[in-house]
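# Architecture and fold: a report
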Amino acid sequence: MLEHLDRLPPDPILGVMTAFRADTDPRKVDLGVGVFRDDAGETPIMRAVREAEQELIARQKTKTYVAAVGNAGFNEAMAQLVLGQGHAALASGRLRTIQAPGGCGALRLGAELIRAAAPDAVVHVSTPTWANHVPLLSNCGLKLERYPYFNSATGGVAFDAMLGALDRLPPRSVVLLHASCHNPTGADLDDAQWRELLALVRRRSLLPFIDIAYQGLGRGVAEDAYGPRLFCAELPEVLVAVSCSKNFGLYRERTGALHVLSATPAAADAAISQLMRIARGLYSMPPDHGAAIVHGILTGERLRSSWEGELDAMRLRIQQLRAAALKALAAACRAKDFGYIARQRGMFSYLGVDLQAVRELRERHQVSMMDDSRINLAGLRMDNIECFAQAVAKVAG
Ligand code: LMR
C-alpha cells in the first residue's frame, strides 16, 4: 500500500538546516534556520531556563497528566506576557488560553478552530510569509489567499497596497498578521500602522489571527506586542498564536500557546471546549517540560528579571549584528543599497540576491541561507561578518 507514495523534497527551511549540519567545512556560516546564536556560534540554554529547569526537577513529584488545556499557570502567565499586566481582556472573561506544542501547534489549533466555526473561511497571509504558515493553516482544509506586504524597493511594508487588498475582503475573512520581527522580511508595521489596520479590520469585520514568535527580539517585550495588545483591547474576536522557541530558547521543548478572545464569556467557553476536543484528536495533551520552565521563570521575581536581562542582551546583539552587517556590506558591495538591514527588526532579512547567487554562496563560500535569500542575522559572528560581506560581493557585486 505504501509503495506508491511519492518521495517529497525536503522542507524548505529544515532541509537547509540538515544540509548545513552535514557540511564538515569549519569555515561554514549558518544563516539558515531561525535560531539565535551567540558570538561563538552556539545556541545556548538561557541561564534563567537552566535554573528554572533545575528547580523543576528538584520540585516535581509526578509525571502524571497535567490537563487538557496544559499548565494553567503557564497559560495565565503567557496571557500576561503577551497582553501586559492589567490589560482589559484579562479581566473581561472573554479570553481563553490553551497550551500548545510550540507556536506551530498554536497556529494549527487556531486554524482548526476557525474551520470548526466557519469551514469556508479563507485565511489571508502576507506576501511573503513564513514558509510553514502555508501547511499549518491550510492542511486542515482552510483556503489560503495572499495579500501584498513587502516592498522590496524600500525593504519596508507596502502598507497602502496591503490596506487596499484587505479593504476588499468580505466580512469574516481571516487575516494572519506577524506581531513583530516579520519572518522572512524583517519589515514590521509601526504603531500608527497597527492603529490604521485596526480601523480597517473593524470596519470590514475581519478576524485577526496574530502570530507572535519573537516577542522581545525586535524593539522590546511591550513594543513587540503593540499589535496584539491593541487589537485585544479594541476588537470582539482575536486569535493570538505564541511561541516560546526564540525568546526563551526552548526550541526543541515545543512550548507555545493559543489565546482566543471571543465576543462574550459564553462564546469563550465554547471556543475552549472546541480547542480541547481538537487537541485531544491531534495529540491529546501538550508536552509539559518547556511550559513548566516558562511558568517558573515568569512567576519568579529573580528568574524573571534574569530572563529579561538575557533577552535584552539577545536583542542588542541582533541590533549590533545588523549595524555591523550593513557597514561591511555597504563597504564591500557599493552597487547595492543595504540600508534596509538596519531599519528592519528581528532575526531575518532578505539579502536580495537570486537563486544562482544563493547557491554559489552555499557551495563556494560555505554561507548557508534560504533559497529566497532570507538570512538569519543572528547566525553571523562579529569575526566572520567581513568574510560574509566579501563573499556576497563576489557573487552579487
Ligand atoms: C525559521 O523560520 O527558520 C524558524 O521559525 C524555524 C522553523 O521551524 O522554520
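One structure accompanies this document, and this report is about it. (Residues numbered from 1 in each chain as written. Predicted model: local features only at pLDDT ≥ 70, side-chain atom pairs only at ≥ 80, totals over all residues. Heavy atoms only, no water.)

### Looking at the overall build of the chain
A tally of regular secondary structure across the chain gives 15 helices and 13 strands. Taking 21 Å as the expected radius of gyration for a compact globule of 397 residues, we find that the chain reaches 21 Å, a close match to that expectation. The buried share among the 397 residues of the chain stands at 53%. Pairs at least 24 residues apart make up 75% of the contacts formed inside the chain by residues separated by at least 6 positions. If you sum the accessible surface of the chain, you get close to 18,000 Å²; carbon and sulfur atoms cover 53% of it. (Helix = DSSP H or I, 4+ residues; strand = E, 2+ residues; numbered from the N terminus. Rg over C-alpha atoms; globule rule 2.2 N^0.38 Å. Buried < 20%, exposed > 50% of the residue type's maximum accessible area, 1.4 Å probe, protein only. Contact = heavy atoms within 4.5 Å. Areas by Shrake-Rupley, 256 points an atom, 1.4 Å probe, with all protein chains shown as cover.)

### Here's the deal with the nonpolar core
Counting 108 residues, the largest nonpolar core has Met162, Leu197, Phe209 and Phe231 as its most contacted members. Leu329, Leu361, Leu380 and Val395 belong to the second-largest nonpolar core, a separate cluster that totals 28 residues. (Core = buried A, V, L, I, M, F, W, Y, C linked by side-chain atoms within 4.5 Å.)

### A closer look at the packing of aromatic side chains
Scanning all chains against the criterion turns up 5 aromatic pairs. Taken together, a centroid distance of 5.7 Å and an interplanar angle of 65° make the contact between Phe150 and Tyr350 edge-to-face. Residue Phe150 is located in strand β5 (residues 150–151), and its partner Tyr350 is located in strand β11 (residues 348–350); the two are separated by 200 residues in the primary sequence. Like Tyr350, Phe150 is buried. Consider the rings of Phe248 and Trp307, whose centres lie 4.4 Å apart with planes at 5°: the pair is stacked. Remark: Trp307 occurs in helix α12 (residues 301–332) and Phe248 occurs in the loop between β9 (238–243) and β10 (255–261); sequence separation between them is 59 residues. As far as burial versus exposure is concerned, Phe248 and Trp307 are alike and both buried. Positioned above the aromatic ring of Phe348, the side-chain terminus of Arg374 is 3.8 Å from the ring centre. (Phe/Tyr/Trp six-rings, centres within 6.5 Å; stacked < 30°, edge-to-face > 60°. Lys NZ or Arg CZ within 6 Å of the ring centre and 35° of its normal.)

### Some words on the sheet that holds strand β4 (residues 143–148)
On the basis of which strands lie adjacent, the open sheet formed by 7 strands has the order β2-β10-β9-β8-β7-β3-β4 and mixed pairing. The outermost strands of the open sheet, each flanked by one partner alone, are β2 (95–101) and β4. Neighbour to neighbour, the strand axes of the sheet diverge by 25° on average, direction disregarded. Helix-sheet contacts for helix α5 (residues 102–117) involve β2, β7 (174–178), β8 (207–212), β9 and β10, and the interaxial angle to β2 is about 125°. (Pairing = 2+ DSSP bridges. Axes fitted to C-alpha atoms, helices over the stretch in contact; angles between N-to-C directions.)

### Digging into the site of the ligand
The immediate surroundings of the ligand are formed by Ile13, Val33, Gly34, Trp130, Asn183, Tyr214, Lys246 and Arg374. Residue Gly34 places a main-chain N or O atom 2.7 Å away from an oxygen atom belonging to the ligand. At 3.0 Å from an oxygen atom of the ligand is found a side-chain nitrogen or oxygen belonging to Trp130. Contact with the protein chains removes 82% of the 260 Å² of surface that the ligand exposes when unbound. Residues of the shell around the ligand, tallied by class, amount to 4 nonpolar, 2 polar and 2 charged. (Near = heavy atom within 4 Å. Polar contact = N/O pair within 3.5 Å; in protein donor to acceptor, adjacent residues only side chain to side chain. Nonpolar A, V, L, I, M, F, W, Y, C, P; charged D, E, K, R; others polar.)

### A look at the side chain of Gln215
With respect to the helices, strands and loops of the structure, Gln215 is situated in the loop between β8 and α9 (226–234). A residue is classified by how much of its surface remains accessible, and Gln215, at 2% relative accessible area, is buried. From its side chain, Gln215 meets the backbone oxygen of Val221 in a polar contact 3.0 Å long. Discounting residues that sit within four places of it in the chain, Gln215 has contacts with Leu81, Val82, Val221, Asp224, Ala225, Arg229, Asn247 and Leu311.

### Some thoughts on a nonpolar patch on the surface
On the surface, a cluster of nonpolar side chains totalling about 460 Å² of accessible area is made up of Met1, Leu2 and Leu5. Along the chain, Leu5 turns up in the segment before α1 (14–22). (Patch = residues over 30% accessible without salt bridge, like charges linked within 9 Å, V, L, I, M, F, W, Y side chains within 5 Å. Salt bridge = Lys/Arg side-chain N within 4 Å of Asp/Glu carboxyl O.)

### Quick look at helix α14 (residues 355–365)
Every buried residue belonging to α14 is among Ala357, Val358, Leu361 and His365, and all of these are buried. Around the axis of α14, the buried residues are gathered within 105° of arc, so they sit on the same side. The exposed set on the far side of α14, more than 90 degrees from its buried face, consists of Glu363 and Arg364. The secondary structure elements touched by the buried residues of α14 are β12 (367–368) and α15 (385–396). At the exit of α14 stands Gln366, carrying a positive phi of roughly 60°. (Arc of directions from axis to C-beta.)

### Concerning the pairing of β4
Two elements, strand β3 (residues 122–127) and β4, share 6 bridges in a ladder whose sense is parallel. Considered in β4, the bridge of Val123 is made with Leu144. As for the winding sense of the linkage, the β-α-β connection from β3 through helix α6 (residues 133–138) to β4 is right-handed. (Right-handed = clockwise from strand over helix to strand, strands pointing away.)

### Concerning unusual backbone geometry
Put simply, Thr127 and Pro128 share a cis peptide bond, and its omega is -5°. The omega angle of the peptide bond from Asn183 to Pro184 is 25°, so this bond is cis rather than trans. Inspection of the secondary structure assignment puts Pro184 in the loop between β7 and α8 (191–203). Phi is positive for Ser284, which is not a glycine, with a value near 70°. Structurally, the position occupied by Ser284 is in the loop between α10 (265–282) and α11 (289–299). Since its relative accessible area comes to 19%, Ser284 is described here as buried. Unusually for a residue other than glycine, Ser373 sits at a positive phi of about 75°. In this fold, Ser373 is placed in the loop between β12 and β13 (374–376).

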